[in-house]
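Residue-level structural notes
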Amino acid sequence: MLYREAGQFKSSYDEDQAIFPILQDRIMLAIVLIVAFVAVPLLFNEYWLSTIMLPFLVFSLAALGLNLLTGYAGQLSLGTGGFMATGAFAAYKLAVAFPEMNIIIVFLLSGVITAGVGVLFGIPSLRIKGFYLAVATLASQFFLIWMFNKFPWFTNYSSSGVISAPPRAVFGDYFVTGSSASPQAKYLFALAFVALLALAAKNIVRSHIGRGWMAIRDMDIAAEIIGIKPLQTKLGAFAVSSFYCGISGALWAFIYTSSVEALAFDITRSFQILFMVIIGGLGSVLGSFLGAAFIVLLPILLSNAPTMVGLNISVDLISHMEFMIMGALIIFFLIVEPHGLARLWQVAKEKLRLWPFPY
Amino acid sequence: MEFLTAIFVTPFVEIVSYPIFFFEVVIGGLLAGVMYSLVALGFVLIFKASGVFNFAQGAMVLFAALTLVGLMEHGLPWWLALLLTIAVMVLLAITVEKVVLRKLVNQEAIILFMATIGLSYFLDGFGQTIWGSDVKVLDLGIPSAPLEFGGILVNEFDIVAAVSAGSLVAVLAVFFQKTRIGRALRAVADDHQAALSVGIPLKTIWAIVWSVAGLVGLVAGIMWGTKLGVQFTLTLVALKALPVLILGGFTSIPGAIIGGLIIGMGEKVAEVFWGAAFGGAIEDWFAYMLALVFLLFRPQGLFGDKIIERV
Amino acid sequence: MDAYAPQKKERVFGDVVLSVDDISLSFGGVQALANISFGVREHQVLAIIGPNGAGKSSMLNVINGFYHPQQGTITYKGETRRQMKPHQAARQGVARTFQNIALFKGMSTLDNIMTGRNTMMHRNLLWQALHVGPARKEELEHREFVENIIDFLEIEHIRKTPVGRLPYGLQKRVELGRALAAQPELLLLDEPMAGMNLEEKEDMSRFILDVNDEFGTTIVLIEHDMGVVMDISDHVVVLDYGRKLADGSPDEVRSNQEVIDAYLGVAHD
Ligand SMILES: Nc1ncnc2c1ncn2[C@@H]1O[C@H](COP(=O)(O)OP(=O)(O)OP(=O)(O)O)[C@@H](O)[C@H]1O
Ligand SMILES: [Mg+2]
């Protein structure tokens, strides 16, 4: 009886179209938000905030971005790392060139710049699809990383190539970026960004734009025949997706690691994000978060589990086992539950809905 | 202006002034390209027979090489190590067919593709868990002295690699043309139904094809491993086979070979003569960019089948 | 199905809205269509019949711009052309269904039908991201239109079901719904009743005639069931191996000797 839809009659299409039409879902969301905004910063220590919660938020955003493109619009990309790097460097250049500019604006603009780059590399999607496209997106990955490494202009001619993210404040002197900002401030700032962008994503995917993406994903020819323009739709998906990935990259550099370096966004990063999307659930906003949480927590679990049971395993070995487990999990999910953790959650919810009378 | 000169003038001046050097670069590139072809060949075999784009081909190259070196490090003579590695690759193929392919048989191609990405991670992790991740030297006694042909310097090893690759392709050609299994494989590539009528179960065919791809991977692994040492970066080299495929077409063996040669040569020439204009290291992305631009004009590749859509 | 026959009596048609002139289309060596010409008048229900592989589907594909013929022209609403992009055709009021159902499998019935309205929805990304004011209003207006279609097709109960899970007959109905959502002036139906039982066929015939009656939609349909064809069509075009065999009223076609020899004579299905 915990989770009941019955008795909640919707008297208008407007109500039916609400983002969470079921009361229990709304309550759940409220609880999650309260926990995230109030309980977590109060209860978690700094170590937890900066080594678990921050990467989780940053990854969630990147996974969300890739999920919009791959899960909703059906365009497989292996270039996520390149787009994150673009966002990080765009934010760095903007923040340094315009020290007075509000950091929120800086992040949004870096998202817009990344969107532009994403559109550019999305152009091949008009002629090719599936793994052909995936291979083409590798071009963006390798080219962009090479570019940021090669041209000292991007790092403002720093000699080491590793640069620290400039400290910036919001609301006067409340520092949210750079290494001196408090983990709480960083966390809340990133959380606000991620929460709002997730809401926006949820709105977009249930609009005519999102339906256009899914139509292209499910059957591109039929989509075109009913009047959905492939050009605008696909490039639009690349733009929005890259916008999200770009902001995620900016958050990574400015808030999570406090340093801007292209190396952080190499090809393994792209795969990592793709794995989050697959494990979390293709075509699910919630899944992006679940997948990110899973992949942030897995290595922590793996590196602690052996010591907990008294085994002593080298760091090297753990990282190899991580590869193995990750690979096996991907295969497992694709075979057993291609819709990922998000679907498992939904199934659990449906069971709960019928509980305690399963028939 | 300076930049334009560096792109449109200087390289050509260099090429004309030092033709011998240019030829050396071209030949070096072609020979390196042979090794790309070798990896690409593994992809094509599997794609033709099962429609699976096997992203893990690169991981199979590394895994095969790691197994071989690992066994040799444990004191096995090279021929025994080689035999055991072949056995391991066949076993791997059978396992993959049983555990992965069979379960995903009716899924969309893109799901299978992602599954092979998972497989590639698994293999990378598995290989290194067993054999460790330090760079291993693979020495099968292949000579590597520079040789001179009419003023052009060529590395002996590259020639050995090219000849081995050539023989491998020849052996495969005979296998496909003359043996019953080979003919069945070709039938499968054209039409799954037709293959069934040959009387060989699809799953056997898949296991065979993955084994063959594993062996091709082993040869590629030996070549690359001898050249660069057996290490994780081999998988990155293997990634370069993807643009080769795009150029050559996913279903064409000659395509894989010619695509590999084009990419190998193009990337070397670009790096040596144009690299400076861009600040160097353009080898990192040149192949992918070339493939990307190419895709825009000929999505099916040089030799691929034309893509026709119907409703 | 004879119940619908009387309806045909006092039917009035407008001018020719679609005219196909001398269309030829081939794929490599296969001549799918050879010098085909015919016209469709406003409000008419025109049936294209012919044995398997005759080129019927190809004809529809040419009309809505998916196939590009090597020769000939299409004149639609006064505009003459050889080829166009399918999405342009859609924007000019041509909608269709497919022989092998082409629904968006991962989406619900409601969302599938809503995609039919995509060409009419214009609020941009920013509005959609916020989901307020005009964007919400637009969504609601179109939702209401779509709900009417859902009522009309009697598929209220499967509104939220992913279409991949629906039985064949219902999928066909949803596909019709998606086409109707675009408020087409010209509706192309490729074997809308294939694989249906008698009852389902009757339902579908009724929907088609109602659409034709109520909205004045011009309809071109492909159908193998001659009973249905004779009942609901005003005009019949017969194709065989890419050639046009006959073109006339159902009765004329039925008595055409060539047609009988080539098609009706042999038992079909
Ligand atoms: N995209 C294509 N590529 C190659 N050949 C095609 C293509 N589309 C149709 N054809 C060929 O054109 C001919 C006509 O096909 P079409 O689908 O129009 O027939 P049809 O009358 O609709 O048959 P059916 O009753 O089986 O649906 C057939 O020989 C078919 O193989
Ligand atoms: Mg047909």
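In short, a report on the structure. (Residues numbered from 1 in each chain as written. Chains lettered and ligands numbered in written order. Predicted model: local features only at pLDDT ≥ 70, side-chain atom pairs only at ≥ 80, totals over all residues. Heavy atoms only, no water.)

Quick look at the sheet that holds strand β1 (residues 16-27) of chain C
Residue and element names in this part refer to chain C. The following threshold applies: One bridge is not enough; two strands pair if DSSP finds at least two bridges between them. For the purposes of this entry, the term helix denotes a DSSP run of H or I that reaches at least four residues, the term strand denotes a run of E that reaches at least two, and both are numbered from the N terminus. Here an axis means a line fitted to C-alpha atoms, over the contact stretch when the element is a helix, while the angle between two N-to-C directions is reported on a 0 to 180 degree scale. Contacts: residue pairs with any heavy atoms within 4.5 Å of one another.
As summarised here, the arrangement of the four strands in space is β2-β1-β4-β5, forming an open sheet in which the pairing is antiparallel. With partners counted over all chains shown, the strands left at the sheet margins are β2 (30-41) and β5 (79-81), one partner each. This sheet shows a mean twist of 15° between the axes of neighbouring strands, independent of strand direction. Pairing geometry for strand β4 (residues 71-76) and β5, over three bridges, is antiparallel. Looking across to β5, one finds that Thr75 is bridged to Thr80. Its contacts with the sheet place helix α1 (residues 56-63) against β1, β2, β4 and β5, and it is angled at close to 120° to β1.

Focus on the interface of chain B and chain A
The condition that has to hold: Think of a salt bridge as a Lys or Arg side-chain nitrogen and an Asp or Glu carboxyl oxygen that are within 4 Å of each other. Polar contact is the term for a pair of N or O atoms within 3.5 Å; when the atoms are in protein, one must be able to donate a hydrogen and the other to accept it, and sequence-neighboring residues count only if both atoms are side-chain atoms. Note that Gly is not counted as nonpolar here; it falls among the polar residues with everything else outside the nonpolar set of Ala, Val, Leu, Ile, Met, Phe, Trp, Tyr, Cys and Pro and the charged set of Asp, Glu, Lys and Arg.
Chain B puts 48 residues into the contact, and the matching count from chain A is 41 residues. Across the chain B-chain A interface, the total number found is zero salt bridges. Our count for the contact surface shared by chain B and chain A stands at two residue pairs in polar contact (both at pLDDT 80 or more). Contributing elements (two or more residues each) for the side of chain B that touches chain A: α5 (78-101), α6 (109-131), α11 (234-239), α12 (241-248) and α14 (283-297) of chain B. Here the side of chain B that touches chain A gets 16 residues from one element, more than from any other, and that element is α6 of chain B. Split into classes, the residues belonging to the side of chain B that touches chain A amount to 36 nonpolar, seven polar and five charged.

Thoughts on the pattern of salt bridges
All names here are of chain B. Worth spelling out the cut-off: We call a residue buried when its accessible area falls under 20% of the maximum for its residue type, exposed when it is over 50%, and partly exposed in between, using a 1.4 Å probe and counting protein chains only.
Counted by the stated rule, this structure contains 19 salt bridges over all chains. For Arg102, the salt bridge goes to Glu97, with nearest N and O atoms at 2.9 Å. A relative accessible area of 37% means that Arg102 is categorised as partly exposed. Close ionic contact of Asp158 with Lys227 constitutes a salt bridge, the shortest N to O distance being 3.1 Å. You can see Asp158 sitting in helix α7 (residues 156-178) and its partner Lys227 sitting in helix α10 (residues 202-228), a full 69 residues away along the chain. With a relative accessible area of 11%, Asp158 lands in the buried category. By relative accessible area, which is 38% here, Lys227 ends up partly exposed.

With respect to the nonpolar core
To keep it simple, the criterion reads: Working definition of a nonpolar core: buried Ala, Val, Leu, Ile, Met, Phe, Trp, Tyr and Cys residues. They are joined through side-chain atoms within 4.5 Å.
In this structure, Phe107, Tyr244 and Phe254 of chain A together with Phe53 and Trp210 of chain B are the most contacted members of the largest nonpolar core, which totals 252 residues. Ranked by the residues each element gives to this core, the list is headed by helix α3 (residues 46-72) of chain A, at 16 residues. Ranked by size, the runner-up nonpolar core spans 45 residues in total, among them Leu170, Leu180, Leu187 and Ile208 of chain C.

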